[in-house]
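Each chain is listed here by its residues.
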Amino acid sequence: DAKTTQPPSMDCAEGRAANLPCNHSTISGNEYVYWYRQIHSQGPQYIIHGLKNNETNEMASLIITEDRKSSTLILPHATLRDTAVYYCIVRVNTNAGKSTFGDGTTLTVKP
Amino acid sequence: EAQVTQNPRYLITVTGKKLTVTCSQNMNHEYMSWYRQDPGLGLRQIYYSMNVEVTDKGDVPEGYKVSRKEKRNFPLILESPSPNQTSLYFCASRYGQSYGYTFGSGTRLTVV
């Protein structure tokens, strides 16, 4: 699976959009981009995933660049409860159960 | 409620005393996995399972065993725990290849 690079930390004002970047320049054509978050020491929570088209669900939007070498997770109206570590992962959907988590970005939403 | 249930939530044990951490999911998921999380090392995959009786090693399988005799259960076995296995452990499951994992609440294990 391709390696990902994320900034270690980011701040965001409450009510504003949080844009979390992820670089995956070695991504292969059949690798998907997945995003999870972990609040304190709770179990990670799946947010969204995509291959090449932009995706949106009730939690967030995922924007993948045309060359697929980077992506951005957007939380449209961040709240204090969105403070968490956000992980970007790339994996092949045929690769059984293997999913490797990197260091993630610690997002702090401030009032 | 759809969930992954791990037991126990907290466990303190002594070196060499065999233990099992149970994991059960009620969502009929095919894939299950175990992770450990340590400060500075992030989440590392221990073992995963693609279906009943089908398991494979993750990134850090040494010192652990797993079994998948039933679809819903995926216990993690430490035959002879050592202090370097002190960690926060998470079990996870997912429906199929193109789905995200649902994680349990974690088991904090201390080996003294």
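Located above this text is the structure these notes cover.
Definitions and limits used
- Residues numbered from 1 in each chain as written.
- Chains lettered and ligands numbered in written order.
- Predicted model: local features only at pLDDT ≥ 70, side-chain atom pairs only at ≥ 80, totals over all residues.
- Heavy atoms only, no water.
- Phe/Tyr/Trp six-rings, centres within 6.5 Å; stacked < 30°, edge-to-face > 60°.
- Helix = DSSP H or I, 4+ residues; strand = E, 2+ residues; numbered from the N terminus.
- Buried < 20%, exposed > 50% of the residue type's maximum accessible area, 1.4 Å probe, protein only.
- Lys NZ or Arg CZ within 6 Å of the ring centre and 35° of its normal.
- Pairing = 2+ DSSP bridges.
- Salt bridge = Lys/Arg side-chain N within 4 Å of Asp/Glu carboxyl O.
- Disulfide = S-S within 2.5 Å.

(A) Broad picture of the packing of aromatic side chains. Considering all chains together, one arrives at 13 aromatic pairs over all chains under this definition. Ring centres of B:Tyr64 and B:Tyr89 lie 5.9 Å apart, and the angle between their planes is 65 degrees; this geometry places the pair in the edge-to-face category. With B:Tyr64 in the loop between strand 6 (54-57) and strand 7 (65-66) and B:Tyr89 in strand 9 (residues 87-94), the pair connects residues that are 25 residues apart, well separated along the chain. An identical accessibility class is assigned to B:Tyr64 and B:Tyr89; each is buried. Between B:Phe90 and B:Phe103, the ring centres sit 6.4 Å apart and the planes meet at 80 degrees, which makes this aromatic pair edge-to-face. With a gap of 13 residues between them, B:Phe90 in strand 9 and B:Phe103 in strand 10 (residues 102-103) connect regions that are remote in the sequence. An identical accessibility class is assigned to B:Phe90 and B:Phe103; each is buried. Ring pairs connect the aromatic residues A:Tyr34, A:Tyr36, A:Tyr46, A:Tyr87, A:Phe101, B:Tyr35, B:Phe90, B:Tyr101 and B:Phe103, which therefore count as one cluster. Positioned above the aromatic ring of B:Tyr31 is the side chain of B:Arg94, whose terminal nitrogen or guanidinium carbon lies 4.5 Å from the ring centre. Looking at B:Arg94, its charged tip hangs above the ring of B:Tyr101, at a distance of 5.0 Å from the centre.

(B) Region of interest: the sheet that holds strand 7 of chain B. Residues and elements named next belong to chain B. As summarised here, the arrangement of the four strands in space is 1-3-8-7, forming an open sheet in which the pairing is antiparallel. Only two strands of the sheet have a single partner each, and these edge strands are strand 1 (4-7) and strand 7. As paired strands, strand 7 and strand 8 (residues 76-78) are joined by two bridges and run antiparallel to one another. Bridge assignment links Val66 to a residue of strand 8, and that residue is Leu76.

(C) Structural detail: the pattern of salt bridges. Summed over the entire model, instances satisfying the criterion amount to six salt bridges over all chains. Between A:Asp11 and A:Lys110 there is a salt bridge; the shortest N-O distance is 3.1 Å. Here the residue A:Asp11 occupies a position in strand 1 (residues 9-13), and A:Lys110 occupies one in strand 9 (residues 105-110), the gap between them amounting to 99 residues. On the basis of relative accessible area, A:Lys110 is assigned to the partly exposed category, the value being 42%. Of the charged contacts, one joins B:Glu79 and B:Lys18 as a salt bridge, the two residues approaching to 3.9 Å between their closest N and O atoms. Separated by 61 residues along the polypeptide, B:Glu79 in the loop between strand 8 and strand 9 and B:Lys18 in the loop between strand 2 (10-13) and strand 3 (19-25) bring together distant segments of the chain. Among the charged side chains, a network of salt bridges with common partners joins B:Lys18, B:Lys65 and B:Glu79.

(D) Quick look at the state of the cysteines. All names here are of chain A. Using the criterion set out here, one finds two disulfides over all chains in the structure. One disulfide in the model links Cys22 with Cys88; its S-S distance is 2.1 Å. Handedness of the Cys22-Cys88 disulfide follows from its S-S torsion of about -80 degrees: it is left-handed. One end of the pair, Cys22, is in strand 2 (residues 18-23); the other, Cys88, is in strand 8 (residues 84-92), and 66 residues separate them in sequence. Judged by relative accessible area, which is 2%, Cys22 ranks as buried. Residue class for Cys88 comes out buried when judged on its relative accessible area of 1%.

Bear in mind that shape data such as this cannot, by itself, settle questions of function.
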